[in-house]
Amino acid sequence: MNNSLNTPPIHYLDKVIYIASVGYSGSTLLDMILGSQDDITSLGEVALLARYARDRAKCTCGEAVGDCQFWNQVEAELSKQQEKEISLKNFELTPEEVKQSIFRKLPTLTDLSLVLGNQLIWKLAHKFNNRAKLFRQSALNAINVFDIACKVDQTRIIIDSSKYALPLKSLYMELQDKFSVVFLVRDGRAVCKSLMKRQSISMEQAAKKWARYNQNLKLVMSSIPKNQIYNLSYERLCLETETVLKELSDYIGTSDPIKIKPLLKDKFHDIGGNPMRYRRNETEIKYNDNWKSSITEEELRIFEQYAGKINRSLGYD
Ligand SMILES: [Zn+2]
């Protein structure tokens, strides 16, 4: 690892919008609406970029990351800038260990300082602690990729919907006022029904997972200024689309008002996300509340036990 941790130059990037959400909350939908605007590039769950490159997993354009023209250009620009051969396969945008949740065990001092700390603590931590240094290096790599992605795509705003709590905080620490969060929530009962189906888990597992994930996000966001967080619900995005898009245009500061556009295949080079990414020409937002008719009394009772309180705190009765 590079010991000096040089901050990469930022020439093209004005702003990173981080979509903080639990999976199945509509983040793919939001990511793609935003990513189809002229001055925005969405990169999806870009924290997984190196792993996708190693596994030859598919980019949204349909090519493997290693064969994708966009990512090849990013890789070439990175190599040119750093005057050495850079491979996306080992250019980590997030430390592997963050894929585990933050506080499942007793929190380490490093984690606490990363989660709750201010700039001073952040600076001290990465000087003296290797884990903190790893987080910082990953954040710097991500910023480097974001800036170059803006150059390649001729945009100035990046959407990152990676969903990981600690990298979110690390990016904020490095980018400060160039960083904003969209905290996207959806009724936990709906999300848990999706989690149960997609991940073959019980309601108890789903409810615990959902509650913990939201708590983690809330915890890291507690040290980010309120005006850098936009709270949005999937339900409002679907049912009050026009108002929400107007608010988002102002919040993000796009050159033109955000509009729903046909999703053009060539425009997207997202990492990860749900199969919606591969469907083309969807221009209509369909509000999905199928969970209401399929959830059982027993599932509702279990959800209430593990996640009812936090669901209400997010505005769901
Ligand atoms: Zn691609």
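Residues numbered from 1 in each chain as written. Predicted model: local features only at pLDDT ≥ 70, side-chain atom pairs only at ≥ 80, totals over all residues. Heavy atoms only, no water.

Section: the environment of Ala76
And then number 1: Topologically, Ala76 is positioned in helix H3 (residues 69-82).
And then number 2: Residue classification places Ala76 among the partly exposed positions, given a relative accessible area of 46%.
And then number 3: Residues Ala76 and Ala207 lie 131 residues apart in sequence; the distance between their C-alpha atoms is 43 Å. (Helix = DSSP H or I, 4+ residues; strand = E, 2+ residues; numbered from the N terminus. Buried < 20%, exposed > 50% of the residue type's maximum accessible area, 1.4 Å probe, protein only.)

Some points on the coordination of the zinc ion
And then number 1: With distances of 2.1 to 2.4 Å, the protein atoms coordinating the zinc ion are Cys59 (SG), Cys61 (SG), Cys68 (SG) and His269 (ND1).
And then number 2: For the zinc ion, the four donor atoms in the first shell make angles of 95 to 122 degrees at the metal, a pattern classed as tetrahedral.
And then number 3: Considered as a linear motif, the donors of the zinc ion on their single chain read C-x1-C-x6-C-x200-H. Remark: His269 occurs in the loop between helix H11 (241-252) and helix H12 (291-294) and Cys61 occurs in the loop between helix H2 (49-54) and H3; sequence separation between them is 208 residues. The pair Cys61 / His269 is uniform in exposure class, with both members buried. (Donors = N, O, S within 2.8 Å, 3.2 Å for Na, K, Ca; no water. Tetrahedral: all angles 85-135°; square planar, octahedral: opposite > 155°, others 65-115°.)

Describing helix H5 (residues 119-128)
And then number 1: When we look at burial in H5, the residues that qualify are Trp122, Ala125 and His126. Looking straight down H5, one finds its buried side chains confined to an arc of 90 degrees; they lie on one side. Exposed residues pointing more than 90 degrees away from the buried face of H5 are listed as Leu120, Lys127 and Phe128.
And then number 2: As for H5, its buried residues are in contact with helix H4 (109-116), helix H6 (130-153) and helix H7 (165-175).
And then number 3: The N-terminus of H5 is capped by Asn118, whose side-chain oxygen sits 3.2 Å from the backbone nitrogen of Leu120. (Arc of directions from axis to C-beta. Contact = heavy atoms within 4.5 Å. Polar contact = N/O pair within 3.5 Å; in protein donor to acceptor, adjacent residues only side chain to side chain.)

A few points about the sheet that holds strand E3 (residues 157-160)
And then number 1: Pairing is parallel in the open sheet, where five strands are placed in the order E2-E3-E1-E4-E5. For this open sheet the edge positions go to strand E2 (40-42) and strand E5 (229-233), each flanked by a neighbour on one side alone. Taken pair by pair, the neighbouring strands of this sheet meet at an average axis angle of 20 degrees, ignoring direction.
And then number 2: Strand direction decides the pairing type here: strand E1 (residues 15-20) and strand E4 (residues 179-185), joined by five bridges, are parallel. (Pairing = 2+ DSSP bridges. Axes fitted to C-alpha atoms, helices over the stretch in contact; angles between N-to-C directions.)

Quick look at the pairing of E3
And then number 1: Burial along E3 is two-sided: the face carrying Ile157 and Ile159 and the face carrying Ile158 and Asp160 are both buried.
And then number 2: Pairing of E1 with E3, which is carried by four bridges, proceeds in the parallel orientation. If you follow Lys15 over to E3, its bridge partner there is Ile157.
And then number 3: In this structure, E2 lies alongside E3, joined through three bridges in parallel fashion. In the strand pairing of E3, Ile40 is matched with Ile157.

Quick look at the nonpolar core
And then number 1: Counting residues in hydrophobic clusters, the biggest one holds 75 residues, and the most contacted among them are Trp71, Leu168, Phe179 and Trp210.
And then number 2: Element by element, the count of residues in this core is highest for H6, at 10 residues.
And then number 3: The contacts of Trp210, once residues within four sequence positions are left out, are Val22, Arg186, Gly188, Val191, Cys192, Leu195, Phe303, Ala307, Ile310, Asn311 and Leu314. (Core = buried A, V, L, I, M, F, W, Y, C linked by side-chain atoms within 4.5 Å.)

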